[in-house]
Every structure is written in structure tokens, then in C-alpha cells.
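So the chains spell out like this:
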Amino acid sequence: MVLPIEHFIIALLPVAVYALLRDRQLPTLHLLAVTFFGSQFPDLIDKPLAYELQLIPSGRVFMHSLPFAIPLSIAVVAYAVRTDRTRLGAAFAFAHLSHLVADNRQLLRPDPYVSSDLLWPLQPPVVRPAVPQWVGEGAVNLHLWTGFSVLVLALAAYILVVDLQTQLDFRLF
């Protein structure tokens, strides 16, 4: 199991090295925030949907799945290119996809194996316990994670709506 901070570190190191080599300075706060958000994004979506709401079969499908992650990454990068923030879009996409690789370390073996979770819904998910090990029976961890997820996703949705209105002169309200 990869912890949230480990997902962030795995995503941040290449992004920070790129920024240091290219710009000769540390990454901006915007780049750090987007990298953090991208590195946590699959868990922010999938864990509450699977374990709190039981809408998907596992906490490692949907945004942990390539049929959903790749189109989302393409859309994010396309929007970033259109709004002259290619580096931010690429950082989000890289962080999101690095999360999938970190959760599926078997991809890094000499004889790589692609988990069926990565291909969900085209393949059935890996069977896992109904209560994940990080939650524990009767623990508050799941409710805290769900609350944190709702808060972060609501903030991200607000930022996206404001950005759409600003960048594309698009009025939702």
C-alpha cells in the first residue's frame, strides 16, 4: 500500500527536478499544488465511491483505471495548452498517472504485469476485502477521508468554474 504522502513524493520528485533543470529555480506553489492534487486525485474519487457509497466495486477502479485516466489526462492537458498553462496540465497528468504506477508496482518488474484494475470496466477488478486495511473495522478513517475528499473536490470544482469563467469567458451563473 502506498500512502498519500508517498504518492505525492513519487510525483513531485520528477516535477521538481524538471523545474530545477529547466528554470533553475524551485517549482512554484501553483505547480506544487497541482502536483499534489493530481497525485491524490484517484483516491479522492475512488475511495469514497467504493467504500462509503458502494457505487464502484473497489477503491482502485474508475480513476485508477486507464480507460478513464488517459482521456481525463488528455482533456486536462488540452485545457492547459489552450489556457497557456501546459506545465500545470502536464504536472497533473503525470501525477495522476504516477499514482496508478505506484499502486501497481508490478508494472515496474522485469516481466511487467498489468492488473485488471487498470483496465476496469473492460476487465473485472481484483477481488479485495469489503473493508480495506487502511480503514480498519469501526474506524473513523473512512469518514474522515470522505469528508476530506468532498472538501478538496468541492474546492477544486469551485476553482475550475472560476477558471472557466475567467479563461474562456464562459458564464455558468
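Just above, that's the structure.
Overview of the structure. Counting starts from 1 at the beginning of each chain's written sequence and moves along it residue by residue. This being a predicted model, a pLDDT of at least 70 is required before a residue's local features are given, and a value of 80 or more before pairs of side-chain atoms are given or counted; all residues contribute to the totals for chains, interfaces and linings. To obtain the side-chain values, all non-hydrogen atoms of the structure were included, while hydrogens and water were left out.

### Some details on the packing of aromatic side chains
The criterion, for reference: The rule is short: rings of Phe, Tyr and Trp, with Trp giving its six-membered ring, pair when the centres are within 6.5 Å, and they are stacked under 30 degrees, edge-to-face over 60, tilted in between. Numbering of helices and strands runs from the N terminus, with a helix taken as a DSSP run of H or I at least four residues long and a strand as a DSSP run of E at least two residues long. Exposed residues in this analysis have more than 50% of their type's maximum accessible area, buried residues have under 20%, and partly exposed residues fall in between, with area computed by a 1.4 Å probe over protein chains only.
Counted by the stated rule, this structure contains 7 aromatic pairs. Note on Phe41 and Phe92: the rings are 5.5 Å apart at their centroids and 65° apart in plane angle, and the pair reads as edge-to-face. Taken together, the positions of Phe41 in helix H2 (residues 29-52) and Phe92 in helix H4 (residues 86-103) put the pair 51 residues apart, joining distant regions of the chain. By the burial criterion, Phe41 is buried, and Phe92 matches it.

### So, the pattern of salt bridges
Applicable threshold: Salt bridges, as used here, are contacts in which a Lys or Arg side-chain nitrogen is within 4 Å of a carboxyl oxygen on Asp or Glu.
Throughout the structure, instances matching the rule amount to 5 salt bridges. When the shortest N-O distance is used, the salt bridge between Arg87 and Asp23 registers 2.3 Å. One end of the pair, Arg87, is in helix H4; the other, Asp23, is in helix H1 (residues 4-23), with 64 residues separating them in the sequence. Relative accessible area serves as the criterion here: at 29%, Arg87 is assigned to the partly exposed category. Among the charged side chains, a salt-bridge network with shared partners connects Arg22, Asp23 and Arg87.

### So, the nonpolar core
We count it as follows: As used here, the term nonpolar core means buried Ala, Val, Leu, Ile, Met, Phe, Trp, Tyr and Cys residues forming a set that is joined through side-chain atoms within 4.5 Å. The contact criterion used is simple: two residues touch if any of their non-hydrogen atoms lie within 4.5 Å.
Formed by Ala50, Tyr51, Ile56, Val61, Trp120 and Leu142, the largest nonpolar core amounts to 6 residues. Beyond its immediate sequence surroundings of up to four residues, Val61 is in contact with Asp46, Ile56, Asp117, Trp120 and Pro125.

### Focus on the packing of H1 against H4
Cut-off, in case you're wondering: Axes, fitted as lines to C-alpha atoms, cover a helix only where it is in contact. Angles between the N-to-C directions of the axes lie from 0 to 180 degrees. Each crossing gets its handedness from the near helix: less than a right angle anticlockwise from the far helix is left-handed, clockwise is right-handed. Three categories are distinguished: nonpolar for Ala, Val, Leu, Ile, Met, Phe, Trp, Tyr, Cys and Pro, charged for Asp, Glu, Lys and Arg, and polar for the others, with Gly belonging to the last.
Between H1 and H4, the least distance of the axes is 8 Å, while the angle of their chain directions is 145°. Regarding H1 and H4, the two cross each other, and that crossing is right-handed. Residue-level inspection shows His7, Ile10, Ala11, Pro14, Val15, Tyr18, Arg22 and Asp23 of H1 in contact with H4, the latter providing Arg87, Ala91, Phe94, Ala95, Ser98, His99, Ala102 and Asp103. Of the residues in the contact of H1 with H4, the class split is 9 nonpolar, 3 polar and 4 charged.

### So, H2
Just so we agree on the cut-off: Working rule for helices: expected span equals 1.5 Å times residues minus one. A residue's bend is the angle separating two fitted axes: one through the seven residues that end there, the other through the seven that start there.
Here H2 contains 24 residues, and its C-alpha end-to-end distance of 32 Å stays within 8% of the 34 Å for a straight helix at 1.5 Å per residue. Remark: the principal bend of H2, roughly 50°, maps to Gln40, with a proline, Pro42, within the next four residues. Looking one or two residues beyond H2, the residue adopting positive phi is Gln54, at roughly 50°.

### Notes on unusual backbone geometry
The amide bond that connects Trp120 to the next residue, Pro121, takes the cis arrangement and shows omega of 10°. As for its placement among the helices and strands, Pro121 is situated in the loop between H4 and helix H5 (141-168). In this structure, Phe62 takes a positive phi of about 70° despite not being glycine. Position of Phe62 relative to the elements: it lies in the loop between H2 and helix H3 (66-82). Of the residues examined, Phe62 reaches a relative accessible area of 24% and is grouped as partly exposed.

### What to know about H1
Given a rise of 1.5 Å per residue, 20 residues ought to cover 28 Å, and the 28 Å separating the end C-alpha atoms of H1 matches this to within 8%. For H1, the principal kink sits at Leu12 and spans about 30°; a proline, Pro14, occurs within the next four residues. Residues of H1 that are buried include every one of His7, Phe8, Ala11, Leu12, Val15, Ala16 and Ala19, and no others. Looking at the packing, one finds that the buried side of H1 touches H2 and H4. The positive-phi residue at the C-terminal boundary of H1 is Arg24, with phi of around 60°.

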